[in-house]
Every structure is written in C-alpha cells, then in structure tokens.
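Here is how the chains run, residue by residue.
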Amino acid sequence: MKTVSSPQEMKNLSFTLQKSGSTIGLVPTMGALHKGHLSLLSLASQQTDVKVMSIFVNPTQFAPGEDLEKYPRTLEDDIRRAENAGCDILFVPSVSDMYPVNYSTFVDVENIGQRLCGASRPGHFRGVATVVLKFFNIVNPQVAVFGQKDAQQVIVLKRMVHDLNLSVHIETGPIIRENDGLALSSRNVYLTNSERREASLIYKGLIKAQAAFHSGTVDTSQLRSLILELYEGALYLTPEYIEIVDTLTLEPLERILDTALVAVACRTKQSDTRLIDNIILGGKL
Ligand code: AMP
C-alpha cells in the first residue's frame, strides 16, 4: 500500500493510473478505522481496479463546540488496518493542504442538507459536500463508496453528483454492527460502560418499527411512537430526532407507500455522545 499526503501527488498518481486503463474506487473516511470502514473497501474492489481510501478529519464539517479536537486519531493503526484490508493507496492530506490560506469555496446542497442531522449540526453537510467534491477532483474515481450508516450523507452526495453533473457513481454499503446491534462508529469509544450497554436500544427501536411495517403498519406516527416508547425508557439516552422521510427529498411522510428512511439520532447523557442509526423500509437507498 502506498501512502500519499500531497493532493498534487495524489492527482498525478490517479492520472497515471487512469492513463494505463485502471479504474479507481474511493472510500472517504475520517479514520479511526473499524470494520464498517473496511467493508466499504471490499465493495470498492468488486467494481474497480485500484482502491483509494482517504483519511481526513475535515474541520469544515464540525460545528463550533463539536468534537473536532477530541475526535479519535489513530493513524498508525489505520495504516495497518487499511493495508490488511487490501487498500492500494491511502490518501492522508493535511488540513493546510486541503484548506490553504484564503480558501473561500463551498458547496451547499440546499434543503436536504438542513434537515435531520443538518438541523442540529449547522454547516455540517456544507463541509461534507465541499470536502467530498474536493476528493472527487483530486482522486477522480469512477466509483465512490459510502456507508448507509450516514444515510443523509449519501442522499446529499447523490444530489450533489446529480446537480453538478459529476461522472462518479455513488455506491452504498450496508451498516456493520456490533453483536448487540449497535452500529459501529468511531465515536463509540466515547461511551461510558452504562451508555454502551444501553446503546443497543437504538437499533432495537428501528427493528421494532421494521417488524410493525412488515406486519402492515404504514402510518408513520404509529411507527414513530413504537420507537419513541422504547427510547423513553432509556436512562442514559435522549432521542434528538426520530424521523420517517422520503429517501430523495427527506420530506416527512405520513404513510409509507414506497421506500422510506427511518432515521434516528440520540444523545447520551454521561459522555454527551451523538449516535445515529437508520433503516430503510420498502426498498433501499
Ligand atoms: P466516517 O469516518 O465516520 O466519516 O465514515 C466514513 C465512511 O464509513 C462513511 O461513508 C460512513 O457512512 C461509513 N461508515 C461508518 N460507520 C459505518 C458502519 N458501521 N457500517 C458501514 N459503514 C460505515
């Protein structure tokens, strides 16, 4: 595996690879790699010749007061994990290379970027869309793979690709979970033992809604109540939102007639960790 930190060197490398006929798959991450991240590399390898993973804790997607400084950074372990998982090129740019002095250009995906997580994380999706577009321009991948874990991110990025006539194909990987159902996340290391034990409730709520949907409940307020009921019994978690929305527009749905995204965000009470999870009912992303 080759490690590259200069965006210009990464650009030259991609250009050379593509000139020789190779296709490139990109997996953007913020590092602290776990099995969820690594599963996206195997998806990329099914569709492309060369797998590029980026590791960049992107400052522009953190709102003031969020965990930018304390976000886990484990580069040495990440290099080992990425290499063992078959990554060909690890791209690890610096903040000053990505956002040099006088940097002024941002991509704003309106409306859908302000809903769900965007409501409590102002500027988050503007930062995500901007950095991902930069990665697309630097790496020039045919395929970019993202996790369904961040479903709104996938929806925002697909909208950006469509609206800006980009050529990259966005692929979505399934959510990889712990044995008790908690979605793997780099932020799970923040959880206290009590929070960690209770965090499996988040997925249990989603499964409860899924079971009711499969037994014929399509009324979203009923499905929402089932989830809320479970979360209200929690000692260490507070729900931030429980939303059942259209998978293209993120508009709330009254009834599920086609495909719906059931997305939840919870905050933990001891370590103030924000955990998100989701399921898709009646189809896929
Ligand atoms: P992050 O490093 O948290 O920005 O995540 C980088 C990529 O990995 C994003 O596309 C995430 O959606 C994806 N990802 C994070 N957690 C998981 C998971 N548990 N299962 C699958 N993909 C994940």
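Structure first, text after, so check above.
Residues numbered from 1 in each chain as written. Predicted model: local features only at pLDDT ≥ 70, side-chain atom pairs only at ≥ 80, totals over all residues. Heavy atoms only, no water.

Caption draft 1: Expanded view of the site of the ligand. The ligand sits among 17 residues. The nearest are M30, G147, D150, I176 and L184. At 2.9 Å, a backbone N or O of M30 approaches an oxygen atom of the ligand. In this structure, G147 approaches the ligand through a main-chain N or O atom, which is 2.9 Å from an oxygen atom. Taken by itself the ligand offers 490 Å² of open surface, and the protein chains cover 92% of this. For the shell around the ligand, the element with the most residues is helix α2 (residues 35–47), which contributes three residues. (Near = heavy atom within 4 Å. Polar contact = N/O pair within 3.5 Å; in protein donor to acceptor, adjacent residues only side chain to side chain. Areas by Shrake-Rupley, 256 points an atom, 1.4 Å probe, with all protein chains shown as cover. Helix = DSSP H or I, 4+ residues; strand = E, 2+ residues; numbered from the N terminus.)

Caption draft 2: Highlighting helix α10 (residues 220–232). Compared with the 18 Å implied by 1.5 Å per residue over 13 residues, the 18 Å span of α10 between its first and last C-alpha is a close match. Residues T220, L223, I227 and Y231 constitute the buried set of α10. Seen from one end, α10 has its buried residues packed into an arc of 75 degrees, which puts them on one side. Summarising the geometry of α10, the exposed residues directed more than 90 degrees from the buried face are E229 and E232. Turning to α10, the residues buried within the fold contact α9 (200–214), β7 (237–246) and β8 (260–268). (Expected span 1.5 Å × (residues − 1). Buried < 20%, exposed > 50% of the residue type's maximum accessible area, 1.4 Å probe, protein only. Arc of directions from axis to C-beta. Contact = heavy atoms within 4.5 Å.)

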